[in-house]
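Here is how the chains run, residue by residue.
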Amino acid sequence: MPPMTLPAIAALMMLASGAIHAVVNAILKSGRDKMSSRALIDGFSGLIILPAVFFTPLPHGAWGWLAASWATHLVYLICLIKAFERADMSVAYPILRGVAPLLAALAAVALFGEPIGWLTAAGIGLVSAGVLAVGLGRQVDRRALGWALATGACIAVYTVIDAQGVRAAPTAASYIVWVFLSLGLGIAGIFAVWRGPAFVLAAKAEWKAGLIAGSLSIVTYGLALWALRLGDTPRLAALRETSILFAVLIAVVFLKERLTRGRMVGIAAIALGAGLLIAAG
């Protein structure tokens, strides 16, 4: 059997990242206080990753990308929390993830000249259309739709920013460590202060879920960042959106949400699109 190529390895890393990402968002969605839950998740991520600072080089050359990533993630998390507060996971999650790969591909190609072939473009289109079909199968209020679309735009922006940042850093590990450190200790602190006494109550009740989700966050986005260092942004950003397949499974089995025929068609489109993206590598 011939050895796996770097594009193939990057694709597998993104698929694994998507599966784990769905679990993290399900934990966030199940929390009663979404902002406090997010503070716990990011706070634990920062604490867990902290010892790695002493074993990895500083991300010289990527500080500007890190700052831009931090600001974009802050806006993203606020929009994500608002979207999850106003809509079911099986509605909000597909919408916000569906618009992201299209916007990320456009930005990566237009701003940084990253390559994109017809097979990749077709795969991105199918994945995005399928993801949106999964989420738009039932009524969603305008505010929930607005928050979900804003979240998707933020995902596209931070994906492109982090792709450039992880490539500019001395090693993938150095950028990954500082991303989680800055997000975990910075954004978690902001959200905890924002919620005040409510955060203390949530922390007592949900710290175990936060610890699990925080650990998984490092794995899911660490894999994504490492993959972006190895391959092209448009293809890999779309592959990560296969997370919706796992998100729908979680929503149906554990959150008791309905799976309609339209969503089944969307799932089929996502699977076909993912196949094209893998073949394009």
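Residues numbered from 1 in each chain as written. Predicted model: local features only at pLDDT ≥ 70, side-chain atom pairs only at ≥ 80, totals over all residues. Heavy atoms only, no water.

Novice: Would you mind going over a nonpolar patch on the surface with me for this structure?
Specialist: On the surface, Leu6, Trp226 and Leu230 cluster together into a nonpolar patch covering about 270 Å² of accessible area. Turning to its location among the elements, Trp226 is positioned in helix H8 (residues 197-230). Given a relative accessible area of 40%, Trp226 falls into the partly exposed group. (Patch = residues over 30% accessible without salt bridge, like charges linked within 9 Å, V, L, I, M, F, W, Y side chains within 5 Å. Areas by Shrake-Rupley, 256 points an atom, 1.4 Å probe, with all protein chains shown as cover. Salt bridge = Lys/Arg side-chain N within 4 Å of Asp/Glu carboxyl O. Helix = DSSP H or I, 4+ residues; strand = E, 2+ residues; numbered from the N terminus. Buried < 20%, exposed > 50% of the residue type's maximum accessible area, 1.4 Å probe, protein only.)

Novice: Teacher, can you tell me more about the packing of aromatic side chains here?
Specialist: Describing an aromatic ring pair means giving the distance of the ring centres and the angle of the ring planes. Within this structure, the stated rule accounts for six aromatic pairs. When the centroid spacing of 5.4 Å and the interplanar angle of 75° are considered together, the rings of Trp63 and Trp178 count as edge-to-face. Of this pair, Trp63 sits in helix H3 (residues 63-86) while Trp178 sits in helix H7 (residues 172-195); the two residues are 115 residues apart in sequence, bridging distant segments of the chain. Geometrically, the ring pair formed by Tyr76 and Tyr158 is edge-to-face, given 5.1 Å between the ring centres and 70° between the ring planes. Of this pair, Tyr76 sits in helix H3 while Tyr158 sits in helix H6 (residues 142-168), and the two are 82 residues apart along the sequence. Like Tyr76, the residue Tyr158 is buried in the burial classification. In textbook terms, an aromatic cluster arises when at least three aromatic residues are bridged by ring pairs, as seen for Tyr76, Tyr158, Phe180 and Tyr221. (Phe/Tyr/Trp six-rings, centres within 6.5 Å; stacked < 30°, edge-to-face > 60°.)

Interpretation note: all reported values are geometric properties and have no functional meaning in isolation.
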